[in-house]
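Breakdown of the fold
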Amino acid sequence: PEGPTQPHPLSRIFSVLRSTTGVDFTLYKHTTIRRRIARRMALHKIERVEQYVEFLEHNPQEMKALYQEILIKVTSFFRDPELFQALKEEILPDIFSRLSADSPIRIWVPGCATGEEAYSVGMVLLEYAAENKIISPIQLFATDVNDEAVERARAGIYVENISLDVSPERLRRFFVKHDGGYQVSKTLRDVCIFARQNLAKDPPFSKLDLISCRNVLIYLEPVLQKRIIPMFHYALKPQGYLMLGDSETIGGFPDMFDLADKRHKIYTRRQIVASHRFDFEAGLLEPKGEGAHRLTAVEETPAADIQKEVDRVVLGLYGPPGVVVNENLDVIQFRGKTSPYLEPAPGKASLNLLKMIREGLLLEVRNAVQKVRRTGEPVHQKNVPTKHNHSFRNVDFDVLPLQPGTKGRNFLILFQESVEPPAPPHAKDKRTKAAEGQVEQLKQEVVATRQYLQSIIEEQEATNEELQSANEEILSSNEELQSINEEFETAKEELQSTNEELTTVNEELQTRNSELSQTNDDLNNLLSSVNIAIVMLDNELRVRRFTPMARRILNLIPTDIGRPITDLHPAIRVPDLAPMIGEVLESMTVKERDVPDQDGRWFSLSIRPYRTSDNRVDGAVLVLVDIDAIKRGGDHNAYRDFLAAALDMSAEPLAVLDHEFRFRQANPAFCDLFRLRSEQAEGRSIEQLIGTDHGLRETLERAIRGDGQVRELQLEIDMPSGRHGVAVSARALRPPADREMLLISMKTAQLQSEPRP
């Protein structure tokens, strides 16, 4: 990269970034920025800065990459653990002791990067509030100029190795597992509000209890630091706390903060009269000229400091004493030793020149000032007698007009001793007694003149006092207007801060609404696509949501949402459904049962607790899976095998009829009775086997409609061996997958003598 003697390419880079991102890096540390630029140049194998500037201007992706490279995102959870311990044991107790129960604690973390610092403060804050049973609302604002970093902070998703910095207890309490890493719990995310903010030009938050700005100022030039520190002072409440990094200080503002903890760089706000005004709409000063990549005009050069010191020494040694007065002749500055010419007057303290000037100079100085005021030209007066230490001496003085100031014209009055040539030796001899009389007469005239002038001066002083009184009233009114103006300025700043805070909260709510809308759409599509009956209930057993399959199986309609499931009549036969759900909510275990519906179809009912993202139970989930085919197929086969084995082992003639009174199964004794093989008997109706003249079918039908049994019904039946009397018994059966069937037995009662034709 270019050295300090060739700043023009760096200025071009700043200009390109400013026009694209809206962030001015002019007052960021140039050494850091040069290292970042050098890294990007090495990555693209570019040797000269000019070439990289050209490459940057034609590649928006590189511009975005450089922007992200310059914005430092080096942070971690609980960086400097001792500081957070001090926060919990010293700072938070003092803050909460000054808060009322309903007043929120307000904290600001500027330069939050990806959110680790803000979440660390939030965890300590929630821990302290829980341990001390504090219910005060918590408002933790975290801001950064980097949009990508703010989005990552809002999501609150971090890699698994944060366990090196976060204790296992805090991981269990404030995080949940997420795709091989961790995500901040909803409770902690609700406390932290993240937003984009440019610390250099955007309005700050106000009425804050704590600002944690650690390792942000080290990347900024002193000029920008001098803008930010007073802004922090404005944003904090009286006795609010400011936490800085190990390598950061408050610089040249010791009157704004007191050092509370030197080791951890913790400061408290001092209550002072505000002397700074912030123009939040104005951006940073932009450099002008090709080589003006630094704002060196705000810094005085060492040569200027030497010049000022030399001027001070020379004026102190050789400059004449004097005063600077305003149009009312009030002294606003003393220069040199003025005691031979000025003396404080007895009575009420006053800096008015006419009340302080020594005897003899009053009239001459006043006339000279009036002349300068009229003509604008300097006045030099020589050999003015003045009384000092009970003797008279001659004084020369000059009255010089100064350039008009902010409150009218000013005048510089310089005094010095008169230098007269010594009188010739023979001059004294020529004096006579007549001359002495003339001197006495002149003295009398001087006394009379002085008395006359004194009366004029007294009248003028009375007039001046009246004017002074009027001026004081005007000044008082002006001060009141100034006070009102300052109040308006303060109200404007507070409104700007409140507006920024509302904008931040609105941005956060919009982001969360977007996330909720997308999550809701995903959930609706998922439930619509799942071919399983699912019903979600809240803690009061009210229906919260259900799938289309649940609507068909359980006879639910959209208006059932919000109604207790105990008030509904689901199409499944589970009389103890409400107690089962209550047991699941109490024990937080899963209950499963096979249940039929009104049509006899079988379902697997699973009831499990509804868990939130922070592992709280907030209802129950009912899942119904159709297992009718599996249930019926498995049970039917087992039933058939059992029935066949029972029939084969019985020596009594037994057979099974279906609902159409056809033989389904017959044991060997039954087949021998009718001299048939088992395959010949299956499928035959009862009429085909034993005839229709005995009315057995009607008797069996009545039994099925009645109690389902027939006992020892005496019939005469034609068999291959002849006509026999038999006792027929029957009992209704209900296999799992068939309609009702009959098990019949036939016992031979009497054998006829005549053979069957």
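Everything numeric here is computed off the predicted structure, so don't read it as measured data.

So, about the side chain of Ser 185. With respect to the helices, strands and loops of the structure, Ser 185 is situated in the loop between β5 (181-184) and α9 (186-191). Look at Ser 185 and you get buried, because its relative accessible area is 4%.

So, on to the pattern of salt bridges. Enumeration over the complete set of coordinates arrives at 36 salt bridges. Ionic pairing is found between Lys 64 and Glu 148, a salt bridge with its closest N-O pair at 3.6 Å. Residue Lys 64 is located in helix α4 (residues 60-70), and its partner Glu 148 is located in helix α7 (residues 147-155); the two are separated by 84 residues in the primary sequence. A relative accessible area of 38% places Glu 148 in the partly exposed class.

What follows deals with the confidence of the model for the protein. Across the protein, pLDDT averages 81, with 86% of residues at or above 70. A low-confidence stretch, residues 1-7 stays under pLDDT 50, and its non-local contacts, those more than four residues away or across chains, total 13 contacts. Counting interchain partners and residues more than four positions distant, the pLDDT-below-50 stretch residues 281-301 has 36 contacts.

What follows covers a nonpolar patch on the surface. On the surface, Ile 306, Val 310, Val 313, Val 314, Leu 317 and Tyr 318 cluster together into a nonpolar patch covering about 620 Å² of accessible area. Positionally, Val 310 belongs in helix α11 (residues 302-318). Of the residues examined, Val 310 reaches a relative accessible area of 42% and is grouped as partly exposed.

What follows is about the layout of surface pockets. A volume near 1200 Å³ is recorded for the largest pocket. Lining the largest pocket are 36 residues, with Lys 186, Arg 189, Leu 516, Thr 519 and Ser 613 sitting closest to its centre. Here the lining of the largest pocket gets 10 residues from one element, more than from any other, and that element is helix α15 (residues 433-529). When the residues that make up the lining of the largest pocket are grouped by side-chain class, the tally is 12 nonpolar, 10 polar and 14 charged. Within this model, the second largest pocket holds a volume of roughly 790 Å³. Taken together, 27 residues line the second largest pocket, and the ones lying closest to its centre are Asp 330, Asn 352, Lys 355, Asn 464 and Gln 468. In the lining of the second largest pocket, the residues fall into nine nonpolar, nine polar and nine charged.

This paragraph deals with the sheet that holds strand β16 (residues 533-537). On the basis of which strands lie adjacent, the open sheet formed by five strands has the order β17-β16-β20-β19-β18 and antiparallel pairing. Of all strands in the sheet, those bounded by a partner on one side alone are β17 (543-546) and β18 (591-596). Each strand of the sheet is rotated relative to its neighbour by a mean of 20°, with strand direction disregarded. The pairing of β16 with strand β20 (residues 617-626) spans five bridges and is antiparallel.

General note: in soluble globular proteins, nonpolar side chains tend to be found buried as a group. In this structure, Ile 13, Phe 25, Ile 211, Phe 232, Leu 242 and Phe 257 are the most contacted members of the largest nonpolar core, which totals 49 residues. Every element with two or more residues in this core is listed here: α1 (8-21), α2 (30-43), α3 (49-57), α4, β7 (208-213), α10 (222-235) and β8 (236-244). Per-element tally for this core: the top contributor is α10, with six residues. Beyond its immediate stretch of four places on either side in the chain, Ile 13 contacts Ile 37, Val 49, Tyr 52, Val 53, Leu 56 and Leu 66. With 42 residues, the next largest nonpolar core counts Ile 91, Ile 95, Ile 105 and Leu 188 among its residues.

Right, let's get into the packing of helix α5 (residues 81-97) against helix α6 (residues 116-131). One way to put it is that α5 packs onto α6 with a least axis distance of 10 Å and a crossing angle of 60°. Taken together, the axes of α5 and α6 lie oblique to each other. The way α5 lies across α6 gives a crossing that is right-handed. Within the contact between the two elements, α5 uses Phe 84, Leu 87, Lys 88, Leu 92, Pro 93 and Phe 96 and α6 uses Glu 117, Ser 120, Val 121, Val 124, Leu 125, Glu 127, Tyr 128 and Glu 131.

Let us look at the packing of aromatic side chains. Under the definition given, this model contains 16 aromatic pairs. Feature note: the residues Phe 77, Tyr 119, Tyr 158, Phe 175, Tyr 182 and Phe 194 constitute an aromatic cluster, connected by ring pairs. Above the face of the Tyr 610 ring, Arg 544 is positioned so that its terminal group lies 4.7 Å from the ring centre.

Right, let's talk about the pairing of strand β14 (residues 391-401) for a bit. Two strands pair when backbone bridges link them, and strand β13 (residues 379-388) and β14 are joined in this way by eight bridges, in the antiparallel orientation. Opposite Thr 386, over in β14, you have Arg 393 as the bridge partner. Hairpin remark: β13 followed by β14, antiparallel, with two residues in the connecting loop; positive phi at Asn 389, about 60°. In this structure, β14 lies alongside strand β15 (residues 410-417), joined through seven bridges in antiparallel fashion. Pairing of Val 399 across the sheet is with Ile 413, part of β15.

Before going further, it helps to spend a moment on the sheet that holds strand β6 (residues 192-196). Here seven strands make up an open sheet; going across it, the order is β6-β2-β1-β7-β8-β10-β9 and the pairing mixed. Every interior strand has two partners, whereas the edge strands, β6 and β9 (257-261), have only one. Taking each pair of neighbouring strands and ignoring which way they run, the sheet shows an average axis angle of 20°. Of the strands in this sheet, β2 (138-144) and β6 touch α7, which is tilted by about 165° from β6. Along the sheet, α10 makes contact with β1 (105-110), β7, β8, β9 and β10 (266-269), crossing β8 at roughly 135°.

A word on unusual backbone geometry. One non-glycine residue, Gln 239, lies in positive phi territory at about 70°. Among the secondary structure elements, Gln 239 is positioned in strand β8. Given a relative accessible area of 45%, Gln 239 falls into the partly exposed group. Non-glycine residue Arg 675 carries a positive phi angle of around 55°. Within the secondary structure layout, Arg 675 lies in the loop between α19 (668-674) and α20 (678-681). Given a relative accessible area of 58%, Arg 675 falls into the exposed group.

A word on α5. Along its 17 residues, α5 runs 24 Å from first to last C-alpha, staying within 8% of the 24 Å computed at 1.5 Å per residue. Along α5, the largest kink reaches about 40° and is centred on Leu 87. Every buried residue of α5 is listed here: Leu 83, Phe 84, Ala 86, Leu 87, Lys 88, Ile 91, Leu 92, Ile 95 and Phe 96. For α5, the secondary structure elements touched by its buried residues are β1, α6, β7, β8, β9 and β10.

Thresholds applied
- Residues numbered from 1 in each chain as written.
- Predicted model: local features only at pLDDT ≥ 70, side-chain atom pairs only at ≥ 80, totals over all residues.
- Heavy atoms only, no water.
- Helix = DSSP H or I, 4+ residues; strand = E, 2+ residues; numbered from the N terminus.
- Buried < 20%, exposed > 50% of the residue type's maximum accessible area, 1.4 Å probe, protein only.
- Salt bridge = Lys/Arg side-chain N within 4 Å of Asp/Glu carboxyl O.
- pLDDT = per-residue confidence, 0-100.
- Contact = heavy atoms within 4.5 Å.
- Patch = residues over 30% accessible without salt bridge, like charges linked within 9 Å, V, L, I, M, F, W, Y side chains within 5 Å.
- Areas by Shrake-Rupley, 256 points an atom, 1.4 Å probe, with all protein chains shown as cover.
- 1 Å grid on protein atoms, 1.4 Å probe; cavity = no way out; pocket = protein on both sides within 12 Å on 5 of 7 lines; lining within 4 Å.
- Points joined across faces, edges and corners; volume = space filled by probe spheres on them.
- Nonpolar A, V, L, I, M, F, W, Y, C, P; charged D, E, K, R; others polar.
- Pairing = 2+ DSSP bridges.
- Axes fitted to C-alpha atoms, helices over the stretch in contact; angles between N-to-C directions.
- Core = buried A, V, L, I, M, F, W, Y, C linked by side-chain atoms within 4.5 Å.
- Parallel < 35°, antiparallel > 145°, perpendicular 65-115°, else oblique.
- Left-handed = near helix turned anticlockwise from the far one by under 90°.
- Phe/Tyr/Trp six-rings, centres within 6.5 Å; stacked < 30°, edge-to-face > 60°.
- Lys NZ or Arg CZ within 6 Å of the ring centre and 35° of its normal.
- Expected span 1.5 Å × (residues − 1).
- Bend = angle between axes of the 7 residues up to and from the residue.

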